[in-house]
Amino acid sequence: MRSFMGRDILSLKEFERSEFLRIFEVAQRLEPIARDRRNSDMLKHKTLVTAFYQPSTRTRLSHEAAMHRLGGHVTGFSDAKMTRAGDYYQESIKDTVKMLEFYGDVIAMRHFQKGAPQEAAKWSSVPVINGGDGWGEHPTQILTDLYTVLRERGRIDGLRWLALGDMRMRTMHSLGYALTQFDCPVTFVGPPANALFPTSPDMRMPEEYKADFRQYGLNFNEAEHVEQAIATADVILVEPVIQADYSQSRQEAPKERPLTPVNFKITRELLMSKAKSDMVLLHSLPRMDEIPPDVDITRWSRYWQEAFYGVVLKMGLFALVLGAVE
Ligand code: CP
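Residue numbering note: each chain is counted from 1, following its sequence as written. In keeping with the model being predicted, local features are shown solely for residues with a pLDDT of at least 70 and side-chain atom pairs are shown and tallied solely at 80 or more, while totals for entire chains, interfaces and linings include all residues. Side-chain descriptors were evaluated using all non-hydrogen atoms of the structure, hydrogens and water having been removed beforehand.

A. Structural detail: the nonpolar core. By convention a nonpolar core is built from buried Ala, Val, Leu, Ile, Met, Phe, Trp, Tyr and Cys residues, the set being connected through side-chain atoms within 4.5 Å. Each residue gets one of three labels from its accessible area relative to the maximum for its type: buried under 20%, exposed over 50%, partly exposed in between, using a 1.4 Å probe on protein chains only. Ranked by internal contacts, the top residues of the largest apolar core, which has 65 residues, are F20, I23, F24, L146, W161, F188 and F318. Every helix listed is a DSSP run of H or I at least four residues long, and every strand listed is a run of E at least two residues long, numbered separately from the N terminus. Looking at this core element by element, the count peaks at 10 residues for helix α9 (residues 303-321). Residues A223, I236, V238 and L270 belong to the second largest nonpolar core, which totals 26 residues.

So this is what it looks like as structure tokens:
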């Protein structure tokens, strides 16, 4: 297994099974610190720099919370408009990162351009963690999802997944890559073109990712309606189909928004009539109407638990990447 020390976490493509398991093992070891709502001093000499060019609630704050739990420090920005990258100068990623690497020991970056964290990593001598890049990938979210499944179901192998939503989303691509390393068949259910409204884009899994998944041996198929796959699913990961353009830095929601068609929606009634009793329902959030609030208090939902596991997972990641554990 490759060492994590000093390593960039940019993509789950070519992430090895043993590396997933190692992160989960370290995260689980550190979990009591977060569960007891304590802070330790493991990373007291380390500083996280957050460079968020797109809005975020969970990803930025869970990275920050993880660093605080391990006794480290945090600096950074949550809105590029407050920096020279977001004003008249449109400062480049290279010029920005050449500064940031002296302000801390690890950089967590979210950007609206696919590949931006990879560009940052080219110029940074400290590790860069991808917190979501355009329509590219979202590795720490999917590491969190897998860790949640491990902790809630006790295993990852042997569970059948249903991924429901806009397959252009970065989480879906990281999910596909991650599941290539486990015994986890997956069904992707995303809207074809014009399914939401006239001229709505094709939201099925893009061919470039499907070609990759085949090459890496992922056991996957596609369906058109959640009802075609819900009954056999052990884990369901939901994302919106009514949502922002992830290649924009910031978007206001239009006043009139279409509703999610039933094909791509999880309701309490559907769960009660079709879902396995011990199925785990995940959503990386934020949500629109694809999971109504009355699903929250059901035995299937685990998206609030994910918030906790997201902090724990990042504690494990920081401990490894910053060399506190080998
Ligand atoms: N899951 C997720 O990426 O949420 P945020 O956009 O709030 O970070």
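B. Main features of the domain arrangement of the protein. In terms of domains, the protein is made up of domain 1 (17-138 + 307-321) and domain 2 (139-305). Each of domain 1 and domain 2 has a C-alpha centre, and these two points are 24 Å apart. Listed as interface residues are 37 residues of domain 1 and, on the opposing side, 41 residues of domain 2. Once two parts are brought into contact, the accessible area they lose, counted with a 1.4 Å probe and summed over both, makes up the buried area. Summing both partners gives a buried area of about 3300 Å² for domain 1 against domain 2, and 56% of it is carried by carbon and sulfur. Salt bridges are counted wherever a side-chain nitrogen of Lys or Arg sits within 4 Å of a carboxyl oxygen of Asp or Glu. At the boundary of domain 1 and domain 2, one finds 4 salt bridges. Any pair of nitrogen or oxygen atoms within 3.5 Å is treated as a polar contact; in protein, a donor-acceptor pairing is required on top of that, and neighbouring residues in sequence qualify only through side-chain atoms on both sides. Inspection of the domain 1/domain 2 interface yields 24 residue pairs in polar contact (both at pLDDT 80 or more). For the side of domain 1 that touches domain 2, the secondary structure elements donating two or more residues are α1 (17-35), α2 (58-69), β3 (106-111), β4 (128-133) and α9. Residues are grouped as follows: Ala, Val, Leu, Ile, Met, Phe, Trp, Tyr, Cys and Pro are nonpolar; Asp, Glu, Lys and Arg are charged; all remaining types, including Gly, are polar. Looking at side-chain class alone, the side of domain 1 that touches domain 2 contains 16 nonpolar, 11 polar and 10 charged residues. Residue ranges labeled as domains rest on an automatic or database domain assignment. Throughout, a contact is declared for two residues whenever any of their heavy atoms are within 4.5 Å.

C. Structural view of the pattern of salt bridges. Inspection of every chain in the model, using the stated rule, returns 23 salt bridges. R38 is paired through a salt bridge with D36; the nearest N and O atoms lie 3.6 Å apart. Residue class for R38 comes out partly exposed when judged on its relative accessible area of 39%. When its relative accessible area of 47% is taken as the criterion, D36 is described as partly exposed. With a closest N to O distance of 2.8 Å, K210 and E222 form a salt bridge. With K210 in helix α7 (residues 207-215) and E222 in strand β7 (residues 220-223), this pair connects stretches of sequence that are 12 residues apart. K210 sits in the buried class, given a relative accessible area of 7%. Connected through salt bridges with shared partners, the residues R2, R7 and E19 form a single ionic network.

D. Geometry of the side chain of R170. Here R170 lies in helix α6 (residues 170-179). Buried charge R170 goes without a salt bridge, the closest partner of opposite sign being D133 at 6.2 Å. Engagement of the side chain of R170 in a polar contact is seen with the side chain of Q54, the distance being 3.1 Å. R170 has contacts with Q54, R110, H111, G132, D133, G134, W135, G136, E137, H138 and Y246, leaving out every residue within four places of it along the chain. Charged residues are defined narrowly, with Lys and Arg counted positive, Asp and Glu counted negative, and His plus the chain ends left uncounted.

E. Examining the sheet that holds strand β2 (residues 73-77) more closely. Should DSSP find at least two bridges between two strands, the strands are regarded as paired. The strand order across the open sheet formed by 4 strands is β2-β1-β3-β4, and the pairing between neighbours is parallel. Of all strands in the sheet, those bounded by a partner on one side alone are β2 and β4. Each neighbouring strand pair of the sheet contributes to a mean axis angle of 15°, computed without reference to strand direction. Looking at chain direction, strand β1 (residues 47-52) and β2 are connected through 5 bridges and run parallel. Opposite L48, over in β2, you have V74 as the bridge partner. Axis lines are fitted through C-alpha atoms, for helices just across the contact stretch, and the angle between N-to-C directions can take any value from 0 to 180 degrees. Across the sheet, α2 touches β1, β2, β3 and β4, and the angle it forms with β1 is around 175°. Taken strand by strand, helix α4 (residues 116-123) contacts β3 and β4, and its axis lies near 160° from that of β4.

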